[in-house]
Amino acid sequence: MPVELSGRERALRALRFEPVDYPPIVAGAIANVSLVCALAGRADYYEHPEEVLVEASRFLGADMAMQLAVSKSPQEWRAADAVLDEEKAR
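Residues numbered from 1 in each chain as written. Predicted model: local features only at pLDDT ≥ 70, side-chain atom pairs only at ≥ 80, totals over all residues. Heavy atoms only, no water.

Participant: Kindly report on empty space enclosed by the protein, identifying the contributing residues and their values.
Facilitator: For the structure on display, the rule yields one cavity of 30 Å³ or more. Considering only enclosed or pocket space, the largest cavity measures out at about 30 Å³ in volume. Along its surface, the largest cavity is lined by Gly-28, Ala-29, Ile-30, Leu-53, Gln-67, Leu-68 and Ala-69. (1 Å grid on protein atoms, 1.4 Å probe; cavity = no way out; pocket = protein on both sides within 12 Å on 5 of 7 lines; lining within 4 Å. Points joined across faces, edges and corners; volume = space filled by probe spheres on them.)

Participant: I'd like a description of the packing of helix α2 (residues 33–40) against helix α3 (residues 49–59), backed by residues and values.
Facilitator: In contact at an axis separation of 8 Å, α2 and α3 are set at 65° when each is read in the N-to-C sense. Between α2 and α3, the angle falls in the class roughly perpendicular. Where α2 crosses over α3, the two elements pack in a sense that is left-handed. Counted together, Val-36, Cys-37, Leu-39 and Ala-40 of α2 and Val-52, Leu-53, Glu-55, Ala-56 and Phe-59 of α3 form the full contact between these two elements. Each residue belonging to the contact of α2 with α3 can be placed in one class, and the counts come to eight nonpolar, no polar and one charged. (Axes fitted to C-alpha atoms, helices over the stretch in contact; angles between N-to-C directions. Helix = DSSP H or I, 4+ residues; strand = E, 2+ residues; numbered from the N terminus. Parallel < 35°, antiparallel > 145°, perpendicular 65-115°, else oblique. Left-handed = near helix turned anticlockwise from the far one by under 90°. Contact = heavy atoms within 4.5 Å. Nonpolar A, V, L, I, M, F, W, Y, C, P; charged D, E, K, R; others polar.)

Participant: Break down the layout of surface pockets for me, with residues and values.
Facilitator: To locate leftover empty space, one rolls a probe as large as a water molecule over the atoms. Quantified by volume, the largest pocket comes out at close to 210 Å³. Among the elements that take part in the lining of the largest pocket, α3 stands out by supplying three residues, more than any other. Residues belonging to the lining of the largest pocket are distributed by class as follows: seven nonpolar, two polar and two charged.

Right under this line is the structure:
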């Protein structure tokens, strides 16, 4: 095994339960569009949300992302507790 794996190599090896140099860093959901834009160095989140999220994750040093939470407009963002309240109301 190389001394230091690339993020892609590390993630693929970990998913195959093979030895890695250290556990992969997994990107999580960042629900603050301003923060995502600042991390990515871009202001075009609503035009290219996937690209901006990937760039923000790369900036943070993430080796992989399990799922990207993408919003096409500010109205689409909902907090997790609001979703739970809606489910309880049903």
